Amino acid sequence: MKRLASVIGMPAENREEYERLHAEVWPAVLERLTASNIRNYSIYRHGEVLFAYMEYVGDDLEADMAAIAADPETQRWWSVCEPLQRPFAERAEGEWWMEIPEIFHLD
């Protein structure tokens, strides 16, 4: 199992809409995440920063992430959510959410 964490900005004026959307994530989006071996996925908010945590239980992260990105319903979901987000300038090329390193873990 691989733990993944990432962050992105979200202007305060988008908070209500973003939280409304995530109170009822579309079933097809959730099904695609599950089919792509994503488990224990959470998004937290602190002020204008969103923090996401997920666990990957598959054996080909790149292929599973590509399947998520290629999914039409997920693409439609992103088209609704992405305008509400503000990526960090220092993120790696190709990233929307900026991956952050794990510095401590206790099971």
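Here is a short report on the structure shown in this document. Note that this is a predicted model, so its numbers are computed, not measured.

1. Considerations on the sheet that holds strand β4 (residues 98-99)
With respect to topology, four strands assemble into an open sheet ordered β2-β3-β1-β4, the strand pairing being antiparallel. The sheet is open, and its two borders are formed by β2 (38-46) and β4, each paired with just one other strand. With eight bridges joining them, strand β1 (residues 2-9) and strand β3 (residues 49-56) adopt antiparallel strand pairing. Its bridge partner lying in β3, A5 is registered against Y53.

2. Description of the packing of aromatic side chains
Scanning all chains against the criterion turns up two aromatic pairs. Taking 6.0 Å as the distance between ring centres and 40° as the angle between the ring planes, the aromatic pair formed by Y44 and F51 counts as tilted. Sitting above the plane of the W26 ring, R76 keeps its charged end 4.2 Å from the centroid.

3. A look at the packing of helix α1 (residues 15-23) against helix α4 (residues 72-81)
As a packed pair, α1 and α4 sit with axes 11 Å apart at the nearest point and diverge in direction by 155°. By the angle between their directions, the pair α1 and α4 is classed as roughly antiparallel. Seen from α1, the contacting residues are Y18, L21 and H22; seen from α4, they are W77, V80 and C81. Residue composition of the contact of α1 with α4, by class: five nonpolar, one polar and no charged.

4. Examining the pattern of salt bridges
A side chain with one charge can pair with a side chain of the opposite charge if their charged atoms come near. Summed over the entire model, instances satisfying the criterion amount to five salt bridges. R15 is the partner of E19 in a salt bridge, and the nearest nitrogen-oxygen pair spans 3.7 Å. Of this pair, E19 and R15 both sit in helix α1, separated by four residues, roughly a single helical turn. Each member of the salt-bridge network shares a partner with another, and the members are R15, E19 and R45.

5. A look at the side chain of T74
Considering the arrangement of structural elements, one finds T74 in helix α4. Overall, T74 belongs to the buried group, its relative accessible area being 2%. Within polar-contact distance, the side chain of T74 engages the side chain of D71 at 2.7 Å. If we ignore the near neighbours within four places in the chain, the residues touching T74 are V29, R32 and I68.

What counts as what
- Residues numbered from 1 in each chain as written.
- Predicted model: local features only at pLDDT ≥ 70, side-chain atom pairs only at ≥ 80, totals over all residues.
- Heavy atoms only, no water.
- Pairing = 2+ DSSP bridges.
- Helix = DSSP H or I, 4+ residues; strand = E, 2+ residues; numbered from the N terminus.
- Phe/Tyr/Trp six-rings, centres within 6.5 Å; stacked < 30°, edge-to-face > 60°.
- Lys NZ or Arg CZ within 6 Å of the ring centre and 35° of its normal.
- Axes fitted to C-alpha atoms, helices over the stretch in contact; angles between N-to-C directions.
- Parallel < 35°, antiparallel > 145°, perpendicular 65-115°, else oblique.
- Contact = heavy atoms within 4.5 Å.
- Nonpolar A, V, L, I, M, F, W, Y, C, P; charged D, E, K, R; others polar.
- Salt bridge = Lys/Arg side-chain N within 4 Å of Asp/Glu carboxyl O.
- Buried < 20%, exposed > 50% of the residue type's maximum accessible area, 1.4 Å probe, protein only.
- Polar contact = N/O pair within 3.5 Å; in protein donor to acceptor, adjacent residues only side chain to side chain.

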